[in-house]
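So the chains spell out like this:
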Amino acid sequence: RVTGQWDNVSGCESAEWANVALMVDGGYHVAAIPLTDLGIDRNWHMAGMRGTGSQRLVADDVLVPAHRVAPGGPPQPADQIFFGLCVLAPVVGAARGALDAVDAMFRSDRKPFMTSYARMGDSPGARHWLAEAAALVHRAEQVMLTAAHDSLRDDLGETDRAGVRMSMAAAGKDCRDAVELML
């Protein structure tokens, strides 16, 4: 039986199941529990963050069958790259989507606000930041694909894995910088 609380569980208000961390006989475990067996304490009151559905999950003497509990632990080095890619891929996709939308505005006859240019594409400054944003998104995509390829290598040492993780972090920053240029 499980009794406990887990804070900031993003998406819990729309999920059907939760994976929660437990200590069983002094060891770290993960359990899959249906949300119908858990309570939701709506304690997340951050400005602009309501859509994350990040609330506190509460278990009060919930019966969890043994087949839904597994030993856990810190991710293995190869898994760390996989989990990093799971975070990076949607960020790169969002930056690519923003770039595609802005590129479409450049190709249209839309007049930029408060300028003398007839079209956005006529502005040298705007063309410059669009090119810079495109280069940043392209670089982030290439880093992501290279990291995915490298994560499958058996000969990847700890120094190489650290380099891949650093490259993925830089790719995330590139995406942020690209979107900031496009705003």
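Above: the structure in question.
Note that the coordinates shown come from a computational prediction; the quantities given were computed from them, not determined experimentally.

A few words now on the state of the cysteines. Linking two cysteines covalently via their sulfur atoms produces the bond known as a disulfide. For the coordinates displayed, the defined rule picks out zero disulfides. Among the cysteines around Cys 86, which has no disulfide bond, Cys 175 carries the closest sulfur, lying 15 Å off.

Within the open sheet, the three strands sit side by side as S2-S3-S6. Their pairing is antiparallel. The open sheet has two edge strands, strand S2 (17-24) and strand S6 (69-71), and neither has a second partner. Ignoring strand direction, the axes of neighbouring strands in this sheet form an average angle of 25°. Looking at chain direction, strand S3 (residues 27-34) and S6 are connected through three bridges and run antiparallel. What sits directly across from Ala 31, in S6, is Val 69.

On the basis of which strands lie adjacent, the open sheet formed by three strands has the order S1-S5-S4 and antiparallel pairing. In the strand order of this sheet, the two ends are held by strand S1 (2-9) and strand S4 (39-41), each with one partner. On average, each strand axis in the sheet is tilted by 20° relative to the strand beside it, whichever way the strands run. Bridge analysis of S1 against strand S5 (residues 55-62) gives five bridges, and the strand direction is antiparallel. Bridge pairing in S5 links Val 9 to Gln 55.

What counts and what doesn't
Residues numbered from 1 in each chain as written. Predicted model: local features only at pLDDT ≥ 70, side-chain atom pairs only at ≥ 80, totals over all residues. Heavy atoms only, no water. Disulfide = S-S within 2.5 Å. Pairing = 2+ DSSP bridges. Helix = DSSP H or I, 4+ residues; strand = E, 2+ residues; numbered from the N terminus. Axes fitted to C-alpha atoms, helices over the stretch in contact; angles between N-to-C directions.

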